[in-house]
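Structural overview for review
Take a look at the letters that make up each chain.
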Amino acid sequence: MQLNGKTAFITGAGRGIGRAIALCFAREGCAVTAIARTAAEVEETAETIRKEGGKALALVCDVTRPEHITEAVQKAQAHFGPIDILVNNAGGARFKPFQDIPLAEWQQILDTNLTSVYHGIQAVLPSMIERRTGRIINISSVTGIKAIQHQSAYCAAKHAVNGLTKSLALELREYGIAVHAICPGGVKTRLAEEVMPGRDKTNWLLPQDIAQTALYLATQSHRAATDIIEIRRFDSEPLAR
Ligand SMILES: NC(=O)c1ccc[n+]([C@@H]2O[C@H](COP(=O)([O-])OP(=O)(O)OC[C@H]3O[C@@H](n4cnc5c(N)ncnc54)[C@H](OP(=O)(O)O)[C@@H]3O)[C@@H](O)[C@H]2O)c1
């Protein structure tokens, strides 16, 4: 068990990639706090973990609301102790031409994908700095590296998540805190079906492929640092830099 005795706080853990990371970490002995807005979904994730003999706490929390995250982190710490691993996974997208994005929708996409990462890190950082240890894994996207038509707001948010990741990797290393981003290509989830309905997803990645990478980062040697990992479909083209 590679994460025995560790604790993780995972946003957007009610389904898709976040749920897969929660299950994967719990199977490695990690006590997991799963958060999302839909109570039934985070409860299902936590219940599945508990049925497998793992430790899990489900909390309803909107990552765009800083007071929600602060309260959830406090509850998680009261339940399992200090958070060792923060996974900022919650996200969402709507794809449309830039000129059709009203300001409120632009703001909402940035709040969900980018400012949520700010809130999550701010909430766990005092304890990580005090303990001089911690790991932060941000789930970004290949959209954070390359341009995709009609994804401008999502693309801007994910590029910013990558910039924030690299900047904090530098800034927080003196406290022993590692910061990473994972940039997946298309993953078969509800989000992918909502934004790309009808697209053939036969060879797309599965949530557990991303969970495997998150586990690699969560268990990486403290001598090593990995800022950003890109994961593309086996049959897709390498990303140009
Ligand atoms: N699927 C892909 O192809 C793909 C590719 C690259 C990157 N990603 C990234 O991977 C992450 C997970 O996406 P997914 O594909 O697994 O999507 P998903 O299946 O739709 O799951 C998203 C999760 O985030 C939660 N969430 C969304 N908004 C939230 C909010 N305001 N507060 C709290 N929780 C919230 C959702 O729960 P509630 O709605 O109940 O809150 C759900 O649990 C996202 O950051 C996404 O950008 C996905």
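Residues numbered from 1 in each chain as written. Predicted model: local features only at pLDDT ≥ 70, side-chain atom pairs only at ≥ 80, totals over all residues.

Moving on, we get to helix α4 (residues 103–131). An ideal rise of 1.5 Å per residue puts 42 Å on 29 residues; α4 measures up with 40 Å between its terminal C-alpha atoms. A maximum bend of about 45 degrees is found in α4 at D111. Of all the residues in α4, the buried ones are I109, T112, N113, L114, S116, V117, H119, G120, I121, A123, V124 and M128. Once α4 finishes, R132 follows within two positions and takes phi at roughly 55 degrees, a positive value. (Helix = DSSP H or I, 4+ residues; strand = E, 2+ residues; numbered from the N terminus. Expected span 1.5 Å × (residues − 1). Bend = angle between axes of the 7 residues up to and from the residue. Buried ≥ 20, exposed ≤ 12 C-beta atoms within 10 Å, placed from the backbone.)

Another point: the environment of N113. Looking at where N113 falls in the secondary structure, it is placed in helix α4. N113 sits in the buried class, given 30 other C-beta atoms within 10 Å. Along the chain, N113 and A93 lie 20 residues apart, while their C-alpha atoms are 8.4 Å from each other. The residues touching N113, leaving out its near neighbours within four places in the chain, are G91, Y154, A157, K158 and V161. (Contact = placed C-beta atoms within 7 Å.)

Axis separation between helix α3 (residues 66–80) and α4 bottoms out at 9 Å; the angle between their running directions is 40 degrees. Seen along the crossing, α3 lies across α4 with a hand that is right-handed. Residues P66, I69, T70, V73 and Q77 of α3 form the contact with α4, whose own contacting residues are H119, G120, A123, V124 and S127. Classifying every residue of the contact of α3 with α4 gives five nonpolar, five polar and no charged. (Axes fitted to C-alpha atoms, helices over the stretch in contact; angles between N-to-C directions. Left-handed = near helix turned anticlockwise from the far one by under 90°. Nonpolar A, V, L, I, M, F, W, Y, C, P; charged D, E, K, R; others polar.)

Geometric values such as these leave the question of function open.
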